[in-house]
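These are the residues of each chain, in order.
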Amino acid sequence: MSFSIKRFLPHLLVFIGFVIISLAYFSPVLKGKEIFQSDIMHYIGMSKQQKDFKAQTGEETYWTNSAFGGMPTYQLGAKYPHNYIKELDLTIRFLPRPADYLFLYLIGFYILLLTLKVDFKLAALGALAFGFSTYLIIILGVGHNSKAHAIAYMPLVLSGILLTFQRKYIAGFLLTTVAMGLELVANHYQMTYYLMLLVLILGISYLVDAYKKNELRSFFKAVGVLLIAVILSIGLNATNILATQEYVKESTRGQSELTINADGSPKEITTGLDKSYITEYSYGKLEALNLFIPRIFGGGSHEDVGTDSEYYQFNLKRGATPLQARQAVKQTPTYWGIQPIVEAPAYVGAVILFLFVLGLFLVKGRKKWWLVGGTVLSLLLSFGKHFGLLTDFFIDYVPMYNKFRAVSSIQVILELCIPVLGTLGLVELFKVTESNDEKLKALKFSVGITAGLTVILLLLKSTLFDFVGGNDGYYAQNYGQEFIDAIRADRESMFTQDALRTLVFVLLSSAVIFMFLKKKFSETLVIVSFAVLILFDLIGVDKRYVNNDDFKSAMQINKPFQPNAADLQILKDTTHFRVFDITSGAARASYFHNSLNGYHAAKLGKYNEVFDFYISKNNINVLNMLNAKYIIAQDEKGAFFPYENTDANGNAWFVNRVKTVESANKEIQNLDSLDTRHVAVTTSNAIKYIKNVVDSTASIQAIKYKPNYIKYKSTNSQNGFAVFSEIYYANGWDAFIDGNLVPHERVNYILRGLDIPAGKHIIEFKFEPKVIKKGSNIALASSIVLGILMLIGLFFGFKKVSSTKD
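Source: prediction; values computed, not measured.

Turning our eyes to something else, we now look at the overall build of the chain. The number of helices and strands found in the chain is 30 helices and 18 strands. Taken over C-alpha atoms, the radius of gyration comes to 30 Å for the chain, in line with the 28 Å a tight globule of 806 residues would show. Along the longest, intermediate and shortest principal axes, the C-alpha atoms of the chain span 100 × 80 × 50 Å. Taking the contacts inside the chain whose residues are at least 6 apart along the sequence as the reference set, 76% of them involve residues at least 24 apart. Roughly 35,400 Å² of accessible area belongs to the chain as shown, and the carbon and sulfur atoms make up 60% of that amount. Each charge sign in the chain was given a centre, from 80 positive and 66 negative side chains, and these centres are 8 Å apart.

If you want it as structure tokens, here you go:
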């Protein structure tokens, strides 16, 4: 027992240390405050209706009407039955957000390095370098929680894979299954996809090594074990995966039926996203230097340049008071790279990059090459349209690559690989079996490359860079050339300051290693020194972008929107209708109303097309058919008011005629001038009542309304066809007439239509997605199988320990 305690005590201390560090960085959480995250603010607006429904009924709704006219909640935090792997995830994330994600970064990376047989002290050091990488902190600041969530579990997945390749099949299988299950829980398939690319590189390096050593049998045995583990992990997340797979085909990530754009131009035919949309956020080739020098391209889009800046003096010269000038410089347009918007540089750290270069010289074999391969591939792919040869190949030929946008985010792979190789470089440095001369030579090369590059950039900055941003022409036109001159001077000053900063960290790092090689520093002192350097280096940059000022009271975070005068007036209307907010395209209106607005990266594709064609242009014809009874606008004084659209078609109505057209292009084009109250348009040939006589007494009214259930009462002396101002989604919505299931059709490109025989009827729409039941059954079975396998694994583990003692 004492042996076991002694063995696990260091890891327990590291665990406690990571908890303390995570809470210390995000210390306001200890006072009950929460971080303001812009994306989460929009998520709260989008998800309020489903959360309110759960609170009121105790039931989960998988459909919401609060955004984009209506959409599934699969990507809005829906909860599924038998999702036990999610319960495990919530247990692991026991710290308050966002300290929980920082803790996951640290502990996951620590386990990865232990798997690579790194001493616990160095593993903890490497974890600090990974966890405080600026990009990983920034995404917590803006609310990319699912992305952070997925990144945090990447090292754990790699740990399971590496254990399996090390022929620890039982431990590797169990860890891979659980870790991959947790990875999929995060529900950010773009990050998981990037992890898969790294795993492929890792697999190739092991395959080559196995071939050279004539160990292919063991390699393929490990691959077989891992395939079973991945299949089981998918089973644990079956509901979410199946629902997402079903939804994505209908979303903006799926293939469109249209061959034209909103402006009438030919549409690029693709099974995924448009190439221009995929590569909109492409890293500049030289901009990649901000991995090493944080503000080499000005840092974030807008930064605080302080009172020592040229821009501050410019404001004073223009007549601003010191207080006004101080406020102005807080939002200085410092970024001059080629991306549209940048929150902050993806700074990896001068210290860890120096160690990475050192590792290139000291680390040998396959454990180096998969890390180098992952680093190079992710860097080249992050260039996007600026390295079209590779990017176009991946978009056109690599499966699923064209489903994801913002190619620059693939740098998360190099942000993982660099600290691993940097830590392994220190492992090799400490090995007494290696030649000191070789280590000294590696140190000289590393200093020459890193410090040399920094000095060259400092000396040639005026030759290499002009510090001119893409929006400077606009600024010059509106604010004058003096404004531009001041901004450019501040950009150059930031460049110089951060380059000198990087040079100092490189020289300090090299000095620590030099002292070790000269036997002036012990291993422990080297580790402590690098821990201090890494933390000062990374946290010094991180705090520029995510700090205590970003935290607010829990009340402000959980209720981010306050009703304006228009909202208050609209909320008095208790009938069912939709609201279109022309003052804001985001999720504010979704917080209070059934809105045509919203904020999400994967909207329903057909709705998004109608939005681009008509709604965004305030086309009243289309707003009428969507029952947009109120339009929120602003008067000339900026006051909000609700315009009541008395021509809105209502919840449902009988039409005189159904017009059939031959293509989706024709269907959406017809909406511009279609008399939607009397005529419907469709591409379906399944509708019976094409021409109808609608008498003056015919009516159809919504008498009960919930997000996942709508009940109508209809009266009509004739057979008729009714159009409902509800978004059509075939995968889950079922129509019933007097309790009998009947087919319904898509009309007017995005709405539901239904043949209704003469007489009085009760019509119901129920959202009962079969995919939820199917996925939940698979998840339950997979959880049971995993539980049994874990018991078997524990049995053999204890048996092995007992036999070892004997």
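Burial in helix α27 (residues 605–613) covers these residues: G605, Y607, N608, E609, V610 and F613. Elements in contact with the buried residues of α27: α28 (620–625), α29 (664–670) and β13 (720–727).

For helix α15 (residues 350–362), with 13 residues, the first-to-last C-alpha span of 18 Å sits near the 18 Å given by 1.5 Å per residue. In terms of burial, α15 is largely enclosed, as eleven of its 13 residues are buried. The complete set of buried residues in α15 reads A350, V351, I352, L353, F354, L355, F356, V357, L358, G359 and L362. Here the buried face of α15 lies against α5 (120–131), α16 (366–382), α18 (412–430), α19 (436–459), α22 (481–517) and α23 (523–545).

Sheet architecture is open: three strands sit in the order β5-β6-β7, paired in mixed fashion. A single partner strand is all that each edge strand has here, and the edge strands are β5 (578–581) and β7 (640–644). Strand-to-strand twist in this sheet, taken as the mean axis angle between neighbours without regard to direction, amounts to 25°. Pairing of β5 with strand β6 (residues 628–634) involves four bridges; the strand directions are parallel. Bridge pairing in β6 places D581 opposite I632.

Right, let's get into the pattern of salt bridges. Between side chains of opposite charge, pairing is possible as soon as their charged atoms come close. Considering all chains together, one arrives at 29 salt bridges under this definition. Note that E60 and K54 form a salt bridge whose closest N and O atoms lie 3.3 Å from each other. Classification of K54 as partly exposed rests on a relative accessible area of 35%. K275 is the partner of D392 in a salt bridge, and the nearest nitrogen-oxygen pair spans 3.8 Å. One end of the pair, D392, is in helix α17 (residues 388–397); the other, K275, is in helix α12 (residues 275–278), with 117 residues separating them in the sequence. K275 sits in the partly exposed class, given a relative accessible area of 24%. Beyond isolated ion pairs, a larger network of salt bridges with shared partners links K86, D89, R93 and D100.

What follows is about the packing of helix α6 (residues 134–142) against helix α7 (residues 145–165). Where α6 meets α7, the axes come as close as 8 Å, and the angle between the chain directions of the two elements is 145°. The way α6 lies across α7 gives a crossing that is left-handed. Judged by residue contacts, Y135, L136, I139 and L140 of α6 engage K147, A148 and I151 from α7. Its residues assigned to classes, the contact of α6 with α7 shows six nonpolar, no polar and one charged.

Judged by pairing direction, the sheet is antiparallel, and its five strands sit side by side in the order β11-β12-β18-β14-β15 without closing on themselves. Only two strands of the sheet have a single neighbouring strand rather than two, namely β11 (699–706) and β15 (740–742). Strand-to-strand twist across the sheet, computed as the mean angle between neighbouring axes with direction ignored, equals 25°. Inspection of the sheet shows strand β12 (residues 709–716) paired to strand β18 (residues 759–767) by eight bridges, in the antiparallel sense. If you follow Y709 over to β18, its bridge partner there is K766.

A negative phi angle is the norm for most residues apart from glycine, just as the trans form is the norm for most peptide bonds. Backbone torsion omega between R97 and P98 reads 5°, so that peptide bond is classified as cis. The topology assignment puts P98 in the loop between α3 (84–92) and α4 (99–115). Positive phi is not limited to glycine here, since R167 has a value of about 70°. In this fold, R167 is placed in the loop between α7 and α8 (169–185). The residue M400 is not glycine, and still its phi comes out positive at about 75°. As for its placement among the helices and strands, M400 is situated in the loop between α17 and α18.

What the rule picks out here adds up to 51 aromatic pairs. Consider the rings of F94 and F103, whose centres lie 5.4 Å apart with planes at 70°: the pair is edge-to-face. For F94, a relative accessible area of 44% puts it in the partly exposed group. Given the relative accessible area of 2%, F103 is considered buried. Geometrically, the ring pair formed by W733 and F767 is tilted, given 5.3 Å between the ring centres and 45° between the ring planes. Pair noted here: W733 is in strand β14 (residues 733–737) and F767 is in strand β18, with a separation of 34 residues, a long-range link. The same class applies to W733 and to F767, which are both buried. Chaining the aromatic ring pairs together yields one cluster made of Y193, Y194, F393, F394, Y397, Y401 and F404. The ring centre of Y591 lies 5.1 Å from the NZ or CZ of K48, which sits over that ring.

So, how was this worked out
- Residues numbered from 1 in each chain as written.
- Predicted model: local features only at pLDDT ≥ 70, side-chain atom pairs only at ≥ 80, totals over all residues.
- Heavy atoms only, no water.
- Helix = DSSP H or I, 4+ residues; strand = E, 2+ residues; numbered from the N terminus.
- Rg over C-alpha atoms; globule rule 2.2 N^0.38 Å.
- Contact = heavy atoms within 4.5 Å.
- Areas by Shrake-Rupley, 256 points an atom, 1.4 Å probe, with all protein chains shown as cover.
- Lys, Arg positive; Asp, Glu negative; His and termini not counted.
- Charge placed at Lys NZ, Arg CZ, Asp CG, Glu CD.
- Buried < 20%, exposed > 50% of the residue type's maximum accessible area, 1.4 Å probe, protein only.
- Expected span 1.5 Å × (residues − 1).
- Pairing = 2+ DSSP bridges.
- Axes fitted to C-alpha atoms, helices over the stretch in contact; angles between N-to-C directions.
- Salt bridge = Lys/Arg side-chain N within 4 Å of Asp/Glu carboxyl O.
- Left-handed = near helix turned anticlockwise from the far one by under 90°.
- Nonpolar A, V, L, I, M, F, W, Y, C, P; charged D, E, K, R; others polar.
- Phe/Tyr/Trp six-rings, centres within 6.5 Å; stacked < 30°, edge-to-face > 60°.
- Lys NZ or Arg CZ within 6 Å of the ring centre and 35° of its normal.

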